[in-house]
4 protein chains.
Amino acid sequence: MTLPSPLTGVVPPVCTPLTPDNEVDVASLERLVDHLLDGGVDGLFVLGSSSEAAYLPDGHRKVVVDRVVRYVGGQVPVLAGAIDMTALRVLDHVRAAADAGADGVVVTAPFYTRTHPAEVARHFRLVADRGALPVFAYDLPVSVHTKLDADLVLDLAAEGVLAGLKDSSGDDGGLRRVVLGAHARALPSFAVLTGSELTVDSALAMGADGVVPGLGNVDPHGYVRLYRAALAGDWARARAEQERLCALYRMVAVGDPLRMGASSSGLGAFKAALHLRGVIDCPLTAVPQVPLSGAETEQVGKHLAAAGLL
Amino acid sequence: MTLPSPLTGVVPPVCTPLTPDNEVDVASLERLVDHLLDGGVDGLFVLGSSSEAAYLPDGHRKVVVDRVVRYVGGQVPVLAGAIDMTALRVLDHVRAAADAGADGVVVTAPFYTRTHPAEVARHFRLVADRGALPVFAYDLPVSVHTKLDADLVLDLAAEGVLAGLKDSSGDDGGLRRVVLGAHARALPSFAVLTGSELTVDSALAMGADGVVPGLGNVDPHGYVRLYRAALAGDWARARAEQERLCALYRMVAVGDPLRMGASSSGLGAFKAALHLRGVIDCPLTAVPQVPLSGAETEQVGKHLAAAGLL
Amino acid sequence: MTLPSPLTGVVPPVCTPLTPDNEVDVASLERLVDHLLDGGVDGLFVLGSSSEAAYLPDGHRKVVVDRVVRYVGGQVPVLAGAIDMTALRVLDHVRAAADAGADGVVVTAPFYTRTHPAEVARHFRLVADRGALPVFAYDLPVSVHTKLDADLVLDLAAEGVLAGLKDSSGDDGGLRRVVLGAHARALPSFAVLTGSELTVDSALAMGADGVVPGLGNVDPHGYVRLYRAALAGDWARARAEQERLCALYRMVAVGDPLRMGASSSGLGAFKAALHLRGVIDCPLTAVPQVPLSGAETEQVGKHLAAAGLL
Amino acid sequence: MTLPSPLTGVVPPVCTPLTPDNEVDVASLERLVDHLLDGGVDGLFVLGSSSEAAYLPDGHRKVVVDRVVRYVGGQVPVLAGAIDMTALRVLDHVRAAADAGADGVVVTAPFYTRTHPAEVARHFRLVADRGALPVFAYDLPVSVHTKLDADLVLDLAAEGVLAGLKDSSGDDGGLRRVVLGAHARALPSFAVLTGSELTVDSALAMGADGVVPGLGNVDPHGYVRLYRAALAGDWARARAEQERLCALYRMVAVGDPLRMGASSSGLGAFKAALHLRGVIDCPLTAVPQVPLSGAETEQVGKHLAAAGLL
């Protein structure tokens with residue numbers, strides 16, 4: 001399909017259901033896509049952080065993007081993460097995404113290696129020039145360990161290198177700077193998407209175009225209601241929906257920090273919730289993440305019940 | 001060949017010469033291997049940080065390990081970096097290294113994702129259990145953004161998961177803790193290798209087994225003399241050699257920090273030096289790194305001349 | 001005066017005007033207080049980051065709090081920063097603030113030393129128990145290098161240890177978590193104040209009680225209009241005011257990053273603006289900060305003019 | 001007394017014994033000084049990190065420096081930490097140290113505030129110009145959150161601003177760069193002191209002038225033997241002594257990380273050891289640090305016994 005310009009609305013980063021053997025569970029993945037489309041989402045983002053892209057070997061990544069693009073069949077645009085250390089490695093993933101028929105790619109600054117703003121710019125230019133897909137910059141300092149500079153992002157947008165920004169930095173002052181900068185520079189087709197689960201109403205009030213919430217796997221209907229309320233200018237309703245989702249989001253902390261890290265806990269909670277809601281068959285996260293215990297999974301159930309989702 | 005147990009001596013991380021089109025320059029790579037073997041090195045480490053592993057797509061990585069293993073023909077052991085975000089992705093690289101005939105792999109803790117000591121341990125166990133090669137842990141906090149804990153490393157060594165440690169953390173107190181711990185736990189076949197260019201004599205005096213110096217590309221003979229002097233207990237000679245190499249190492253700062261990052265500058269200087277010494281055809285580093293200017297390259301030449309290498 | 005419970009509204013962190021000899025310029029300080037009160041602010045916060053507290057010796061700090069409390073004469077509450085490394089040192093500043101007649105103190109977690117959540121809690125309890133003033137926790141990770149945990153803050157609020165939070169972390173998801181937690185725990189007298197200059201409208205929409213904007217020195221009237229619009233539920237007007245202030249805020253980047261740090265540039269710009277607006281006599285920041293050049297000061301003037309403030 | 005130029009040898013950072021009421025225990029402090037002088041140390045450093053300077057209010061700091069300088073009576077030089085955020089605050093501490101008769105001060109780069117190399121240089125120049133004592137730069141990135149650049153340190157040494165460097169960065173490659181740079185620039189009176197407990201033999205082998213080990217409180221005789229062996233070129237003996245001290249140093253980890261931070265554990269262990277050895281009356285660290293439990297203190301005793309110190 002043609003990518004809307006700018007991309008707007010709710011574009012959840014799609015979890016990757018796995019079998020107990022750590023293979024991609026395609027049937028569950030397709031049910032998850034149905035669940036999200038039923039929620040009314042405006043696009044899908046596969047192979048992002050919530051998709052456990054960092055844990056998926058290339059074979060798994062290929063299955064995910066191939067199957068989701070084919071299954072969606074153009075109903076909504078599909079973005080694919082092309083998460084790797086530097087430009088040439090990223091371009092291999094961009095080619096795979098293009099071959100599968102994805103509508104755009106999401107790309108971070110270089111990581112693992114030490115980098116520099118001039119190199120970050122060159123990196124995005126290379127990916128845009130040599131790849132065959134629109135590029136969304138992915139600002140995720142918790143993983144990449146550098147913050148994308150607002151002026152650099154806007155310069156690359158003005159050059160036509162970037163089609164949008166997925167801002168998962170948690171820095172809403174910075175997000176606003178990009179929104180206002182895009183307006184000041186007359187870049188109406190540049191999409192600013194927040195990766196926050198918790199400040200979607202305020203990001204939209206600032207002028208962001210859309211939202212890419214990991215928690216949207218669990219409750220796509222909620223984020224779609226939130227987005228539509230904001231679009232309609234019904235900020236009280238948007239806030240109420242957001243506050244319900246903030247409470248639900250606390251599920252990410254169910255995992256015991258003595259036993260596991262934040263990824264195991266947070267993504268484990270999303271998958272446990274999808275399992276409890278009957279969407280996916282197996283709640284396991286990819287190795288070497290640590291599985292939730294039974295008691296921790298029960299806590300996830302309580303969060304779902306409190307949010308009216310069980 | 002059979003990997004010595006423990007691995008000892010000078011094991012340089014081999015630079016990856018590139019063509020102006022950013023392809024692997026195999027002829028230059030083979031000349032570089034000759035240069036290193038001529039220097040008397042005890043092993044080679046391909047696809048590490050100094051090899052620009054973070055910049056090389058899988059196709060380039062495969063060419064490098066295939067060609068170097070074949071070219072070396074068992075004269076010295078060849079380790080290969082299997083640098084990727086988590087265990088399953090790493091295992092793809094381990095398989096490629098095993099297929100090529102490498103003698104061991106060098107593996108970091110998970111990166112990009114948030115992790116936890118329990119997950120780090122599980123990660124290394126998976127790589128060792130499912131891979132077919134001895135595993136050296138690579139401690140490189142500047143890239144990985146976590147430090148490997150000495151007790152965790154020793155526990156994994158005692159379990160047989162790890163064959164050695166490449167410590168590029170710059171924390172020589174921590175290195176010493178591993179050396180003394182390996183001795184206390186009677187782990188004589190566990191290799192502790194420092195990744196420092198600047199404190200090799202002292203690491204060896206502490207009981208480290210070997211050294212993996214990026215600068216060893218430029219002056220393998222110097223590091224071999226240093227290692228042999230230390231082995232002979234001639235610490236005065238070791239120190240003198242080390243101090244000469246410390247002066248030479250200052251070449252890594254030739255690049256203008258307004259124009260480029262530390263990787264472009266440091267690896268650019270190593271490659272410029274190899275080019276000036278006639279070892280490789282083209283001094284370019286991989287994109288999106290920024291090339292050294294003519295004036296910066298001249299500075300590299302002055303460093304070489306001062307060290308008696310031109 | 002009695003501190004409102006909770007404290008609400010616009011409470012700017014008051015800049016500390018200095019003489020060319022780096023002494024406190026009391027006449028300018030009093031004119032600045034007049035300027036802020038004329039703007040309609042609801043309180044004043046002396047000896048915070050925008051006040052250059054880190055640069056002021058205890059003698060200067062004492063002059064500032066003494067003179068401002070006396071000059072304000074109870075028209076609005078005056079909070080005083082008690083910025084120091086750990087509890088006993090903080091308590092010396094709390095005593096000075098109490099002696100001067102301040103209405104509350106603003107205190108960070110321990111810094112410089114390595115700390116722990118249990119020690120952070122003990123620190124705040126000591127300061128509250130032994131000090132004679134209400135305590136506001138100051139979350140400023142850029143300076144303190146730890147983030148205050150939302151649950152810890154709420155626990156201390158529930159215990160009566162904390163009267164409020166000044167959140168300058170830039171993490172509006174975290175701010176919201178505290179706001180919602182204070183509501184869920186029925187802590188209506190606990191004040192949540194944002195330290196952001198750029199997301200005040202959204203923080204207030206989330207339920208924050210007030211704002212502590214450094215830029216409020218330059219344009220107190222603007223922040224007061226913004227706050228009052230939000231209070232009246234006129235979010236369109238609040239947003240428009242906020243966006244004007246976002247543009248004005250860009251003055252903090254006038255300083256050349258090759259010559260100076262972010263503090264010299266940002267606080268230098270605020271003081272230059274106050275000087276250009278005729279409020280203070282001398283725009284110098286405290287040593288060892290680097291003064292703005294004439295050209296940089298001209299840029300500040302352009303920002304003022306564009307915002308209608310010259 | 002006249003400060004040796006350069007300062008050399010073992011200069012332990014003196015712990016600050018406290019009463020159960022958190023007051024300075026002067027009698028214990030004097031016994032600790034006796035213990036250190038009996039060990040043969042070459043100088044004393046009060047009010048450093050191991051002295052809990054970050055926890056001591058100015059009144060306590062004054063008691064410490066006054067009493068130690070008076071008690072030592074010129075037998076060895078006494079350095080005093082002047083630990084505060086920026087130059088003018090530091091200068092207040094420098095004046096107190098000069099009034100007490102200290103022989104030099106130890107000063108970090110600015111902290112808490114955001115800073116810049118130009119401001120760091122200006123900071124040290126101000127402290128040296130306006131203070132009446134020789135200035136030693138204190139490189140402690142774990143506390144200060146910036147690393148002192150080797151070239152900046154050497155430039156300030158060449159200007160006469162700095163009398164020495166206490167390097168507690170743990171980066172022995174950087175330490176060596178300063179040592180070699182001081183030699184290359186012919187700065188024979190500039191003292192390079194390592195703050196490491198674990199790599200003293202190698203730092204001395206590189207050419208460092210002395211050592212400032214926190215563990216030297218517990219076993220000053222050991223560090224003096226180590227220093228003298230190194231001075232005599234008996235590296236085998238130096239290494240054996242160092243390895244014994246490395247084992248002893250593991251006491252710093254006795255504290256349960258679920259209950260306390262690294263400062264509580266490490267400084268608590270040093271004080272528990274001094275208490276168990278009969279040097280000080282009370283092992284408590286300053287509030288808000290968490291005290292060691294009985295079981296944790298027993299572990300300290302086992303470390304002492306294993307090192308032959310009980």
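Everything numeric here is computed off the predicted structure, so don't read it as measured data. (Residues numbered from 1 in each chain as written. Chains lettered and ligands numbered in written order. Predicted model: local features only at pLDDT ≥ 70, side-chain atom pairs only at ≥ 80, totals over all residues. Heavy atoms only, no water.)

### Digging into the overall build of chain A
When its secondary structure is counted, chain A shows 12 helices and 8 strands. For 310 residues, the compact-globule estimate of 2.2 N^0.38 gives 19 Å, and chain A sits close to it at 18 Å. When its C-alpha atoms are laid out on the principal axes, chain A stretches across 50 × 45 × 40 Å. Buried positions account for 65% of the 310 residues belonging to chain A. When contacts within chain A are restricted to residue pairs at least 6 apart in sequence, long-range pairs at least 24 apart make up 73% of them. Computed over 26 positive and 35 negative side-chain charges, the inter-centroid distance for chain A is 1 Å. (Helix = DSSP H or I, 4+ residues; strand = E, 2+ residues; numbered from the N terminus. Rg over C-alpha atoms; globule rule 2.2 N^0.38 Å. Buried < 20%, exposed > 50% of the residue type's maximum accessible area, 1.4 Å probe, protein only. Contact = heavy atoms within 4.5 Å. Lys, Arg positive; Asp, Glu negative; His and termini not counted. Charge placed at Lys NZ, Arg CZ, Asp CG, Glu CD.)

### Concerning the nonpolar core
Grouped together as the largest cluster of nonpolar side chains are 236 residues, with contacts concentrated most on A:Tyr112, A:Phe124, A:Phe190, A:Met251, B:Tyr112, B:Phe124 and B:Phe190. If you look at the next biggest cluster of nonpolar residues, it comprises 235 residues, including C:Leu245, D:Leu154, D:Val161 and D:Leu309. (Core = buried A, V, L, I, M, F, W, Y, C linked by side-chain atoms within 4.5 Å.)

### Details of the relation of the copies chain D and chain C
Take chain D, turn it by 180 degrees, move it 0.0 Å along the axis, and it overlays chain C with an RMSD of 0.0 Å. Both chain copies can therefore be described as sitting about a two-fold axis. Comparing contact sets, 100% of the residues at the interface of chain D also lie at the interface in chain C, consistent with an isologous, same-surface contact. (Least-squares fit on C-alpha atoms with pLDDT ≥ 70 in both.)

### Quick word on the interface of chain D and chain C
In this assembly, 50 residues from chain D lie in contact with 50 residues from chain C. Across the chain D/chain C interface, buried area totals approximately 4000 Å², and carbon plus sulfur atoms make up 59% of it. Looking only at chain D, the three residues that lose the most surface to chain C are D:Arg89, D:Tyr112 and D:Pro288, adding up to 20% of its buried area. Here C:Arg89 and D:Asp84 are joined by a salt bridge, their closest N and O atoms 3.3 Å apart. Along the contact surface separating chain D from chain C lie 20 residue pairs in polar contact (both at pLDDT 80 or more). For the side of chain D that touches chain C, the secondary-structure elements that each account for two or more residues are α2 (58-72), α3 (87-100), α4 (117-130), α5 (141-144) and α11 (262-276) of chain D. Across the side of chain D that touches chain C, the residue classes tally to 26 nonpolar, 15 polar and 9 charged. (Buried area = accessible area lost by both parts, 1.4 Å probe. Salt bridge = Lys/Arg side-chain N within 4 Å of Asp/Glu carboxyl O. Polar contact = N/O pair within 3.5 Å; in protein donor to acceptor, adjacent residues only side chain to side chain. Nonpolar A, V, L, I, M, F, W, Y, C, P; charged D, E, K, R; others polar.)

### Observations concerning the packing of aromatic side chains
Describing an aromatic ring pair means giving the distance of the ring centres and the angle of the ring planes. Throughout the structure, instances matching the rule amount to 10 aromatic pairs over all chains. Relative to D:Tyr138, the ring of D:Phe45 has its centre 6.0 Å away and its plane inclined at 75 degrees; by these criteria the two rings are edge-to-face. Of the two residues, D:Phe45 is situated in strand β2 (residues 44-46) and D:Tyr138 in strand β5 (residues 135-139); the sequence distance between them amounts to 93 residues. Judged on exposure class, the residue D:Phe45 and its partner D:Tyr138 are both buried. Every member of this aromatic cluster is reached through a ring pair, and the members are A:Phe111, A:Tyr112, B:Phe111 and B:Tyr112. (Phe/Tyr/Trp six-rings, centres within 6.5 Å; stacked < 30°, edge-to-face > 60°.)

### A word on the interface of chain A and chain B
Between chain A and chain B, the contact holds 49 residues from the first and 49 residues from the second. Taken as a group, A:Arg89, A:Tyr112 and A:Pro288 account for 21% of the area that chain A buries against chain B, more than any other trio of residues on that side. The interface formed by chain A and chain B holds 4 salt bridges in total. Between A:Asp58 and B:Arg89 there is a salt bridge; the shortest N-O distance is 2.8 Å. For the interface between chain A and chain B, the tally reads 20 residue pairs in polar contact (both at pLDDT 80 or more). For the side of chain A that touches chain B, the secondary-structure elements that each account for two or more residues are α2 (58-72), α3 (87-100), α4 (117-130), α5 (141-144) and α11 (262-276) of chain A. Residues of the side of chain A that touches chain B, tallied by class, amount to 25 nonpolar, 15 polar and 9 charged.

### Brief notes about the pattern of salt bridges
All names here are of chain C. For the structure shown, the criterion picks out 76 salt bridges over all chains. Glu-52 is the partner of Lys-271 in a salt bridge, and the nearest nitrogen-oxygen pair spans 2.4 Å. Of this pair, Lys-271 sits in helix α11 (residues 262-276) while Glu-52 sits in the loop between β2 (44-46) and α2 (58-72), placing them 219 residues apart in sequence. Residue classification places Lys-271 among the buried residues on the basis of a relative accessible area of 1%. Accessibility expressed as a relative area gives 1% for Glu-52, which makes it buried.

### Side note on the relation of the copies chain A and chain B
Both copies of the chain are placed relative to one another by a rotation about an axis and a shift along it. Superposing chain A onto chain B requires a rotation of 180 degrees together with a translation of 0.0 Å along the rotation axis, leaving an RMSD of 0.0 Å. Looking at chain A, 100% of its interface residues are interface residues in chain B too, so the copies touch through the same face.

### Points about the sheet that holds strand β5 (residues 135-139) of chain B
Residues and elements named next belong to chain B. Ordered by their spatial adjacency, 8 strands build an open sheet running β1-β8-β7-β6-β5-β4-β3-β2, and the pairing between neighbours is parallel. Two strands in the sheet have a free side with no partner beyond their single neighbour: β1 (9-10) and β2 (44-46). In the sheet, strand β6 (residues 164-167) pairs with strand β7 (residues 191-194) via 4 bridges, with the strands oriented parallel. Of the residues in β7, the one forming a bridge with Asp-167 is Thr-194. With respect to the sheet, helix α7 (residues 172-184) is in contact with β6 and β7, its orientation differing from that of β7 by roughly 165 degrees. (Pairing = 2+ DSSP bridges. Axes fitted to C-alpha atoms, helices over the stretch in contact; angles between N-to-C directions.)

### Re the UniProt feature "binding site: pyruvate" (unreviewed entry) in chain A
All names here are of chain A. Mapped onto this structure's residue numbering, the UniProt feature "binding site: pyruvate" (unreviewed entry) falls at Val-212. Mapped onto the fold, Val-212 is located in the loop between β8 (210-211) and α9 (220-231). Beyond its immediate sequence surroundings of up to four residues, Val-212 is in contact with Val-11, Pro-12, Pro-13, Phe-45, Lys-166, Leu-193, Thr-194 and Gly-195. (UniProt positions renumbered as here; feature names shortened; annotations may be inferred.)

### A word on the environment of D:Thr19
All names here are of chain D. Among the structural elements, Thr-19 can be located in the loop between β1 (9-10) and α1 (26-39). The class of Thr-19 is partly exposed, set by a relative accessible area of 23%. As for Thr-19 and Leu-204, which are separated by 185 residues in sequence, their C-alpha atoms are 37 Å apart. Each residue touching Thr-19, except ones within four places of it in the same chain, is listed here: Val-24, Asp-25 and Cys-282.

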